[in-house]
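Chains, contacts and geometry: an overview
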Amino acid sequence: MDVDYGKCWDTSKKSWKSTLILAYQSLGVVYGDLSISPLYVYKSTFAEDIHHSETNEEIYGVLSFVFWTLTLVPLFKYVFIVLRADDNGEGGTFALYSLICRHAKVSLLPNRQVADEALSTYKLEHPPETKNSSRVKLLLEKHKSLHTALLILVLLGTCMVIGDGLLTPAISVFSAVSGLELSMSREHHQYAVIPITCFILVCLFALQHYGTHRVGFCFAPIVMTWLLCISALGLYNIIHWNPQVYKALSPYYMVKFLKKTRKGGWMSLGGILLCITGSEAMFADLGHFSYAAIQIAFTFLVYPALILAYMGQAAFLSRHHHTIHKIGFYVSVPDCVRWPVLVIAILASVVGSQAIISGTFSIINQSQSLGCFPRVKVVHTNAKIHGQIYIPEINWILMILCVAVTIGFRDTKHMGNASGLAVMAVMLVTTCLTSLVIILCWNKPPILALGFLLLFGSIELLYFSASVIKFLEGAWLPILLALFLVTVMFVWHYATVKKYEYDLHNKVSLEWLLALGPSLGITRVPGIGLVFTDLTSGIPANFSRFVTNLPAYHRILVFVCVKSVPVPFVPPAERYLVGRVGPAAHRSYRCIVRYGYRDVHQDVDSFESELVSRLADFIRYDWYKAHGIMDRCNEDEGSRSGTSSGECRLTVIGTLDLSGTPAFELEENVQPASVSVGFPTVESVTEVIEMQPVERRVRFAIDNESEVDSGEGMDGQLQEELDDLYTAQQAGTAFVLGHSHVKAKQGSSVLKRLAINYGYNFLRRNCRGADVSLKVPPASLLEVGMVYIV
């Protein structure tokens, strides 16, 4: 992590203007959920556990808890500490996990390569490593069980975010619509609120396929209007009803509250914690804005507005004890403005729900990229704005569950209990992961990380315990959902890793491929054959199965590996690693396509055309190297990296025009647009620990004035190889994919047999196929059946 935070505080006029615009735009995306919490916090808190009395000790105690919770968690924890733990400007659970995996060898992702560490986005901090932080790092790396525990912790946080995406729209819209209870009889209200809420929810989910950008232009003004509205109402209530309510901000009232209410006060914390729902969005949506923009928006607008709103409600309730059965947001709204406020509240709740739904799509896409979630269809709703996606299957499942929760619970209390537990679980996971980042990435003394963990972890554990105790009153829902999703994600990830290990141990040698020829009845047919595999070296077993049953393969043969790297983005110029498989005359190549966990997969119009273009660039580059232009570089590279399995070393092929006489220079710093050689590949999962990262890369500069690539100057062999490539492209491309069935080996435990034979295979049959994910034309698809014994 090498982010220059000084840029955020550039005092130039242009920089400040851009930052303020981003801060304004962040209101509609980041703070929609957090800003609507005044709708239901007091109502959930006073649902049953405590009662508002004439002494006002209860309402003052709740206000004190709300104030200090908002100050300590969103302001101090997130704005001033957690937001700095970004991954190349990206935030969220996977960003923290990615940072930890890059600084300590704890990742369980397969097919990793040392070449991945040379990516320009693979940024590491290198402050002086302390003795204690080194011990923590060695401890984590030594025990495999800790790697698994860390992954499960990340998956648990991910599942709770998904649970929040289910519960937040229900409680937000329901609480906003509940304002109708003051304008109609209880009898009519009972039959009106639920249908109206369900109708709004169905409309909200039905509009998701249009994309956030279609309606996003009005999100920020809505939230801004809502924040100004609750601020004005808060000031009015404070001045009109109880100007002395500010005294309740003292921590003394928290102690007094707990002394008087005892167990009931502790259980009521499950409602108070709802005041910080949506705080995680500040970190999760960091990549769309900037550290300074989010900090300014929260510190100078959102935080003061929320404090004024809660103080205003408390001031009103301190003078209206007869509203004991109607405690809520709308009772403190003057009658003359109640209807406009109701409309703004419903619009704000829709905006807040939209933000968490989009966040759910994003985190599922990240899970899928890292092999932790079954393949689903991801639709990118905006070609210009990165990260705006829509997942149809997840959208309709969320809609059905959201409507079911609304109809099933029918009150704010049960929804609040469920939502509160999900929120606190996500925050606890973030606190634990940030503590590791402080030690491993920032190399701070473990005592600081322990202090961070104890301070914020104890606050969150207190609130979490108050939510768990209400298991039968709604809190069971996120727990049940999380257990189900963690099981699905872990089983999918476990089987994916086992399949990779099976491929690794059953791959075919390069000599076997080179020995195939007319003497064995093998023929080369016109066209390009793209053999998809998870392996970064060697010949996959599914190709040997293909050749055994059909003794022919294409004139141009390319082994393609599409893999994820633990970075948020891979620059297009560094995405493709290309190398030869065997001699040039064999016309066989290997292409590794690398994506980050936030990258858009298949982000080109035609993967086939893009791949052919990269192969052509590689062939030209290899010709330059063969003619002695790269001799000096090869001598240096050869001294520190060997060739794996007899294959030529892989080369990073970027978007450069290799049409001139290349000049080159050896440099210490990695440049994004570069062509490099000499990256070793990892033969096994455990080999990652032993291999050292590549220290230097070759940058390839092009002299545009030269015309070496013209018809007269081009070598005949180069021209012949390029002609073969383009002729094969005209003949057509075949995509060879493995169609796998996974079985647990004999003697496996009952749990493993259930997970693999039934769980994983059920998920595989009912998720999107690899051909759909890779956008393979059906007419060009060849599937090779494989049975994996794991």
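In what follows, the accompanying structure is described. Since we're looking at a predicted model, the values are computed, not measured.

On to the packing of aromatic side chains. Scanning all chains against the criterion turns up 22 aromatic pairs. Between Phe65 and Phe257, the ring centres sit 5.8 Å apart and the planes meet at 70°, which makes this aromatic pair edge-to-face. Of this pair, Phe65 sits in helix H4 (residues 57–79) while Phe257 sits in helix H11 (residues 252–261), and the two are 192 residues apart along the sequence. With a centroid separation of 6.5 Å and 85° between ring planes, the pair formed by Tyr589 and Phe618 is classed as edge-to-face. Pair noted here: Tyr589 is in strand S6 (residues 588–595) and Phe618 is in helix H22 (residues 607–626), with a separation of 29 residues, a long-range link. Relative accessible area serves as the criterion here: at 2%, Phe618 is assigned to the buried category. Through a chain of ring-to-ring contacts, the aromatic side chains of Trp512, Phe543, Phe546, Tyr553 and Phe559 assemble into a single cluster. Here the guanidinium or amino end of Lys499 rests over the ring plane of Tyr788, the centre of that ring lying 5.4 Å away.

Quick look at the pattern of salt bridges now. Inspection of every chain in the model, using the stated rule, returns 17 salt bridges. The residue Glu57 makes a salt bridge to Lys260 at a minimum N-O spacing of 3.4 Å. Pair noted here: Glu57 is in helix H4 and Lys260 is in helix H11, with a separation of 203 residues, a long-range link. Between Arg620 and Asp617 there is a salt bridge whose closest N-O contact spans 3.3 Å.

It is worth spelling out the packing of helix H7 (residues 144–177) against helix H19 (residues 476–505) at this point. Interhelical geometry of H7 versus H19 gives an angle of 130° and a closest axis separation of 8 Å. Taken as axis vectors, H7 and H19 run oblique relative to one another. Judged by the twist between their axes, the crossing of H7 over H19 is right-handed. Touching Thr148, Leu151, Ile152, Leu155, Leu156, Thr158, Cys159, Met160, Ile162, Gly163, Leu166 and Leu167 of H7 are Leu477, Pro478, Leu481, Ala482, Leu485, Val486, Met489, Phe490 and His493, all from H19. Along the lines of polarity and charge, the residues of the contact of H7 with H19 split into 17 nonpolar, four polar and no charged.

Pairing analysis gives four bridges linking strand S3 (residues 523–532) to strand S11 (residues 733–743), with the strands arranged parallel. Bridge assignment links Gly529 to a residue of S11, and that residue is Ala734. Relative to strand S12 (residues 781–789), S11 runs parallel, the two being bridged by nine bridges. Residue pairing in the sheet places Gly738 in a bridge with Val784 of S12.

We now examine the side chain of Thr69. In this structure, Thr69 sits in helix H4. By relative accessible area, Thr69 is classed as buried at 5%. Once residues within four sequence positions are removed from consideration, Thr69 is found in contact with Pro74, Cys275, Ile276 and Tyr463.

Within the secondary structure layout, Leu204 lies in helix H8 (residues 186–206). The spatial distance from the C-alpha of Leu204 to the C-alpha of Val350 is 7.3 Å, given a sequence separation of 146 residues.

On the surface, Ile447, Leu448, Leu450, Leu453 and Leu454 cluster together to form a nonpolar patch covering roughly 470 Å² of accessible area. Here Leu453 shows up in helix H18 (residues 446–468). Residue classification places Leu453 among the partly exposed positions, given a relative accessible area of 30%.

Attention shifts here to unusual backbone geometry. Even without a glycine there, the phi angle at Asn56 is positive, about 65°. With a relative accessible area of 6%, Asn56 lands in the buried category. Its identity as a non-glycine residue notwithstanding, Asn443 has a phi of 55°, on the positive side. By the secondary structure assignment, Asn443 is in the loop between helix H17 (412–440) and H18.

Thresholds, definitions, all that
- Residues numbered from 1 in each chain as written.
- Predicted model: local features only at pLDDT ≥ 70, side-chain atom pairs only at ≥ 80, totals over all residues.
- Heavy atoms only, no water.
- Phe/Tyr/Trp six-rings, centres within 6.5 Å; stacked < 30°, edge-to-face > 60°.
- Helix = DSSP H or I, 4+ residues; strand = E, 2+ residues; numbered from the N terminus.
- Buried < 20%, exposed > 50% of the residue type's maximum accessible area, 1.4 Å probe, protein only.
- Lys NZ or Arg CZ within 6 Å of the ring centre and 35° of its normal.
- Salt bridge = Lys/Arg side-chain N within 4 Å of Asp/Glu carboxyl O.
- Axes fitted to C-alpha atoms, helices over the stretch in contact; angles between N-to-C directions.
- Parallel < 35°, antiparallel > 145°, perpendicular 65-115°, else oblique.
- Left-handed = near helix turned anticlockwise from the far one by under 90°.
- Contact = heavy atoms within 4.5 Å.
- Nonpolar A, V, L, I, M, F, W, Y, C, P; charged D, E, K, R; others polar.
- Pairing = 2+ DSSP bridges.
- Patch = residues over 30% accessible without salt bridge, like charges linked within 9 Å, V, L, I, M, F, W, Y side chains within 5 Å.
- Areas by Shrake-Rupley, 256 points an atom, 1.4 Å probe, with all protein chains shown as cover.

Honestly, it's all geometry; don't read function into it.
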